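Now for the letters of each chain:
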Amino acid sequence: MSVGQAFLGLLESGPRHGYDLKKTYDDRFGHARPLHYGQVYATLSRLLKDGLVELDGVEPGGGPERKRYAVTSAGVTDVEKWLGSAEKPEPYLQNTLYTKVVLAVLTGRPAAGLLDVQRAEHLRLMRELTQRKITGDLAEQLICDHALFHLEADLRWLELTAARLDDLAKVVRP
Amino acid sequence: MTAPHTPAGGTPLLVGEGLCKAFGPTAALDGASVAIRAGEVVAIMGPSGSGKSTLLHCLAGITRPDSGRVLYQGQEVSAMSDSERSALRRTRFGFVFQFGQLVPELTCLENVALPLRLERVRRREAERRAAEWLERLEVTDVAGKRPGEISGGQGQRVAVARALVTGPQVVFADEPTGALDSLNGERVMRLLTQAARETRAAVALVTHEARVAGYSDREVVVRDGRTRHMEHTR
């Protein structure tokens, strides 16, 4: 998630203080991971330096929380460009699970058991997310669904790998 | 024979012990065991051809196992006569399949009322209860329509209403969302599990989809006709 672009997008509806930006961001996108203040002000000063935001006013009293920021036309263009570009798909090649399976096969340990344990853990998390989804609002449902579809993809990989363990053993330990 | 797996706490309502079933030379079940408590939603998972549907059919008294036994409230289902098993299925069990289960000539309301009519409940009372269930499943608007006039998602919700209208102790659901898109599938699962929890019915849910299993309390994995149990429960 690009915090900078999210800030720029939020500023399109009007100038805001840093604190206000953080709160809006946390409410909409933060969920499990709210922003640190340090991150908020570091992001804002970078946007300021790049000319994507400008100071809209500074209230008396000093301190970063007194500054109000507005998005510039360069900032609006930047958001537009970001929204229009695809995110790089991450295929998680050579991930930890793959390493574990190969190591288990290589060392003659029960790889099927490892996959069973992992499946149960994935399903446990999927149950948790399903519960959150049932009781949550639409935003919560969308976030949970995103996670659920990814976990489901992992599970398919687990199933397929379980079905190919014998073949894998031939390759890994010829 | 494998000991049936029971999660800690609670007497099982339905138990399958060491179930074996072969179709010709092919062993569909090879010593599968499962125990389901009242009010519990259990997902029976596994790849295609693993034996999960055969396990469900044995538990529901539809298929007689070659060996092993099925106990419902301590009574051996596998030893009952055909008519006793049929009565058990009609009064204590409810069924939801992937598709093709509604009677095309009847309206949705009549379809849901049908299990009650078979139990000699008077038409007016049966239809009143059927209408209540259609409302719970959010398909009141299709009451007067025939199955051919409604969508797949609506049809599955009508089927769930019909499965629950008699107040069954166990609902057997075999890939209930298999023919639906994600959104409709989720809706069917949410309503099915919600209704089952409210009525304390147990659900034996066969699915190969993990997202559907997300609605369960626990999973039993079937592979090559045998069950693998994990201890994780909600």
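Cut-offs used in this document
Residues numbered from 1 in each chain as written. Chains lettered and ligands numbered in written order. Predicted model: local features only at pLDDT ≥ 70, side-chain atom pairs only at ≥ 80, totals over all residues. Heavy atoms only, no water. Axes fitted to C-alpha atoms, helices over the stretch in contact; angles between N-to-C directions. Helix = DSSP H or I, 4+ residues; strand = E, 2+ residues; numbered from the N terminus. Parallel < 35°, antiparallel > 145°, perpendicular 65-115°, else oblique. Left-handed = near helix turned anticlockwise from the far one by under 90°. Salt bridge = Lys/Arg side-chain N within 4 Å of Asp/Glu carboxyl O. Core = buried A, V, L, I, M, F, W, Y, C linked by side-chain atoms within 4.5 Å. Buried < 20%, exposed > 50% of the residue type's maximum accessible area, 1.4 Å probe, protein only. Contact = heavy atoms within 4.5 Å. Buried area = accessible area lost by both parts, 1.4 Å probe. Polar contact = N/O pair within 3.5 Å; in protein donor to acceptor, adjacent residues only side chain to side chain. Nonpolar A, V, L, I, M, F, W, Y, C, P; charged D, E, K, R; others polar. Pairing = 2+ DSSP bridges.

This paragraph deals with the packing of helix α6 (residues 111-135) of chain A against helix α7 (residues 138-163) of chain A. All names here are of chain A. Between α6 and α7, the shortest axis-to-axis distance is 9 Å and the interhelical angle comes to 165°. On the basis of their axis angle, the class for α6 and α7 is roughly antiparallel. The way α6 lies across α7 gives a crossing that is left-handed.

Residues and elements named next belong to chain B. Counting across every chain of the model gives 36 salt bridges over all chains. The residue Glu-138 makes a salt bridge to Arg-190 at a minimum N-O spacing of 3.9 Å. Note that Glu-138 is positioned in the loop between α4 (123-136) and α5 (152-164) and Arg-190 in helix α6 (residues 182-199), a separation of 52 residues in sequence. Arg-211 serves as the salt-bridge partner of Glu-186, at 3.0 Å between the closest nitrogen and oxygen.

Residues and elements named next belong to chain B. Of all hydrophobic cores here, the largest spans 58 residues; its most connected members are Val-112, Trp-133, Val-158 and Val-171. Apart from the residues lying within four places of it in its own chain, the contact partners of Val-171 are Gly-94, Val-96, Ala-163, Leu-164, Leu-192, Ala-201, Ala-202, Val-203 and Ala-204. Listed in part, the 28 residues of the second largest apolar core include Leu-55, Phe-95, Ala-202 and Val-222.

Our focus in this paragraph is the interface of chain B and chain A. Each partner contributes to the interface: chain B provides 20 residues, whereas chain A provides 21 residues. Between chain B and chain A lies a buried interface of about 1700 Å² when both sides are counted; carbon and sulfur atoms form 58% of it. Summed over the shared surface of chain B and chain A, the result is six salt bridges. On inspection of chain B and its partner chain A, the count reaches six residue pairs in polar contact (both at pLDDT 80 or more). In terms of residue count, strand β9 (residues 218-223) of chain B provides more of the side of chain B that touches chain A than any other element does, four residues in total. Partitioning the side of chain B that touches chain A into residue classes produces seven nonpolar, four polar and nine charged.

This next bit is on the sheet that holds strand β3 (residues 67-71) of chain A. Residue and element names in this part refer to chain A. Read across the sheet, three strands follow the order β1-β3-β2 without closing on themselves; strand pairing throughout is antiparallel. The sheet is open, and its two borders are formed by β1 (16-17) and β2 (53-58), each paired with just one other strand. Where helix α1 (residues 3-11) meets the sheet, its contacts fall on β1, β2 and β3, and the angle it forms with β3 comes to roughly 90°.

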